[in-house]
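# Structural description and commentary
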Amino acid sequence: MMQSINRGSVIIICYLDNGCLLNVEDLSMKKLLFQFDTDIHPSSFDTVVAYDGGADHVVRYGGLNPTNVLNLVEGAIFTRGPKDKKNTAIFIGGSNMLAGENIFDLIQSYFFSGFRVSLMLDSNGGNTTAAAVVACFANQLPLAGKKAVVLAGTGPVGQRAAVMLAQEGAEVSITSRSLKNAQLTCEHLQQRFNVQLTAIEAADYVARGAAIAQAQIVLTTGAAGVELLKPEQWQNNPNILLMADANAVSPLGIGGIELTDKAMNRHQKIIWGALGFGYLKLALHRACITQLFTDNQHLLDANAIFALAKQMQIKS
Ligand SMILES: NC(=O)c1ccc[n+]([C@@H]2O[C@H](COP(=O)([O-])OP(=O)(O)OC[C@H]3O[C@@H](n4cnc5c(N)ncnc54)[C@H](OP(=O)(O)O)[C@@H]3O)[C@@H](O)[C@H]2O)c1
């Protein structure tokens, strides 16, 4: 082995006994994160977390789709040597989870042999937010066999939370203002993750109250600033054990809770507001970015991110 130091670089060069070059690794190589966003303007939230998670430089692209992303992938996978590829990674974001999934799948199909870099999918924070809240639930009670309802569960956060709840053994329903939308979402998730989900139409307070009547777990994942439940619709429900709301913008998704509720006991239910589990979401998102740069083989989608969230929740 020979170590060479050159203008601030620390390069390790390994030879076999017969003198053949085995490996070259530059320990001072910059960690580059390519932020591929399906929206026109790449998310500033994702950029901040990328730096906080350990990227030295974040290269942001917006408006990406299956027709324009592969040229960028090519540049990312061919440029660095085998041991240095772990210093390049790709993060896929944007408000549309389906668009993100399409790019995530396409990029993987483009990788071959050692020509690959670590890849993470977190459209609209869907994976990290869902993983954080479901890990908080799972840390309180076994979820297997419980009835769970994800209100307004057709967005990125609700979709992935529904999958994670089902993977924990819960019996999960997703509501939408439109039955068709709920059904399409459930069908897509069943196909992608092999989980059973039930679609419910719930377009108003009365319908949402009816949807949660028998539930032990209620998660609200509606758009920012949309109240989905009035206080009296959950406070007097004796079945509910665990509740959480992902919406951080007033009015909150669940009337009568606080944004900062963190495993708070209200009306004999354990409750999290968006900031109450948001600490874990942020820590998890950062930890995922850090993990991307440990190897060039990581594929961080719902399953891997949820596994990490559960480990972090146990330790916290
Ligand atoms: N706490 C955190 O760390 C964190 C991180 C990321 C996101 N968030 C928040 O988590 C929530 C979910 O995020 P997301 O990206 O999945 O949300 P989203 O896609 O913006 O919205 C989720 C669903 O809300 C429903 N909806 C929209 N407007 C509505 C209205 N006026 N009345 C009733 N339902 C309505 C829609 O379902 P239908 O059209 O099918 O009815 C939509 O699919 C958001 O509030 C977001 O701000 C929190």
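For the structure itself, look to the data block above.
To start, this report covers the structure provided alongside it. What you see is a predicted model, and the numbers here were worked out from it, not measured in a lab.

## Considering the overall build of the protein
What the protein contains, in helices and strands, is 10 helices and 15 strands. Taking 2.2 N^0.38 as the reference for a compact globule, 316 residues should give roughly 20 Å; the C-alpha atoms of the protein span a radius of gyration of 22 Å, in line with that estimate. Overall size of the protein, expressed as C-alpha extent along the three principal axes, is 75 × 40 × 35 Å. When burial is assessed residue by residue, the protein has 49% of its 316 residues classed as buried. In the protein, once contacts between residues fewer than 6 apart in sequence are set aside, the share between residues at least 24 apart is 69%.

## Considering the site of the ligand
Looking at the ligand, there are 21 residues lining it, with N124, T154, S176, N181 and G222 nearest. G155 is positioned such that a nitrogen or oxygen atom in its backbone is 3.5 Å from an oxygen atom of the ligand. Within the backbone of V157, an N or O atom sits 3.0 Å from an oxygen atom of the ligand. Calculation on the ligand without its partners gives an accessible area of 920 Å², and the protein chains cover 74% of this total. Among the secondary structure elements, those contributing two or more residues to the shell around the ligand are helix 5 (156-167) and helix 9 (274-292).

## Regarding helix 5
Look at helix 5: 17 Å from first C-alpha to last across 12 residues, which is about the 16 Å you get at 1.5 Å a residue. Burial analysis of helix 5 places 11 of its 12 residues in the buried class, which makes it a mostly covered element. Among the residues of helix 5, P156, V157, G158, Q159, R160, A161, A162, V163, M164, L165 and A166 are the ones counted as buried. Taken from the residues just after helix 5, G169 is the one with a positive phi, measuring 100°.

## Examining the sheet that holds strand 8 (residues 147-151)
Judged by pairing direction, the sheet is mixed, and its seven strands sit side by side in the order 10-9-8-11-12-14-13 without closing on themselves. Whereas interior strands pair on both sides, the edge strands pair on one side only; in this sheet they are strand 10 (197-201) and strand 13 (264-266). Averaged over all adjacent pairs, the angle separating strand axes in this sheet is 25°, with direction ignored. Note: strand 8 against strand 9 (residues 171-176), four bridges, orientation parallel. Bridge assignment links V149 to a residue of strand 9, and that residue is S173. The strands touched by helix 4 (residues 126-140) within the sheet are strand 11 (217-220), strand 12 (242-245) and strand 14 (269-272), with strand 12 carrying the most contacts at an inclination of about 160°. Sheet strands in contact with helix 6 (residues 179-193) are strand 9 and strand 10, and its direction is about 170° off that of strand 10.

## With respect to the nonpolar core
Judged by nonpolar contacts, the single largest core of 50 residues is most densely connected at L33, M120, V134, F137, L165, V172 and L197. Per-element tally for this core: the top contributor is helix 4, with eight residues. Not counting residues within four places of it along the chain, the set of residues in contact with L165 comprises V134, F137, L143, A148, V150, A170, V172 and I217. Residues F34, F36, A76 and F111 belong to the second largest nonpolar core, which totals 17 residues.

## Thoughts on the environment of F293
Along the chain, F293 falls in the loop between helix 9 and strand 15 (299-300). Taking the C-alpha atoms as reference points, F293 and D84, separated by 209 residues in sequence, lie 9.9 Å from one another. Excluding its chain neighbours within four sequence positions, the residues that come into contact with F293 are K31, L32, L33, G54, A55, K86, N87, T88 and A89.

Reading the values: rules and limits
- Per chain, residues are indexed from 1 in the order of the written sequence.
- At least 70 in pLDDT is required for a residue's local features to be given in this predicted model, at least 80 for side-chain atom pairs to be given and counted, and no such filter applies to totals for whole chains, interfaces and linings, which use all residues.
- Side-chain numbers here rest on the full set of heavy atoms in the structure, without hydrogens or water.
- By the criteria applied, helices consist of DSSP H or I runs no shorter than four residues and strands consist of E runs no shorter than two, each listed in order from the N terminus.
- For a compact globule the rule gives 2.2 Å times the number of residues to the power 0.38, and the radius of gyration it is set against comes from C-alpha atoms.
- Partly exposed residues are those whose accessible area sits between 20% and 50% of the maximum for their type, while under 20% is buried and over 50% is exposed, using a 1.4 Å probe and protein chains only.
- Any two residues whose heavy atoms approach within 4.5 Å at even a single point are treated as in contact.
- Nearness is judged by heavy atoms alone; a residue qualifies as near a molecule or strand once a single heavy atom is within 4 Å of it.
- We define a polar contact as two N or O atoms separated by no more than 3.5 Å, with the added condition that, inside protein, one atom must be a possible hydrogen donor and the other a possible acceptor, whereas residues neighbouring each other in sequence contribute only through side-chain atom pairs.
- Accessible surface area values rest on a Shrake-Rupley calculation with a 1.4 Å probe, where residue burial reflects the displayed protein chains alone.
- Residue count minus one, scaled by 1.5 Å, sets the expected span of a helix.
- When DSSP locates at least two bridges between a pair of strands, those strands are taken to pair.
- Interaxial angles span 0 to 180 degrees and are taken between N-to-C directions of axes, which are lines fitted to C-alpha atoms, for helices over the stretch in contact.
- To form a nonpolar core, buried Ala, Val, Leu, Ile, Met, Phe, Trp, Tyr and Cys residues must be joined to one another through side-chain atoms within 4.5 Å.

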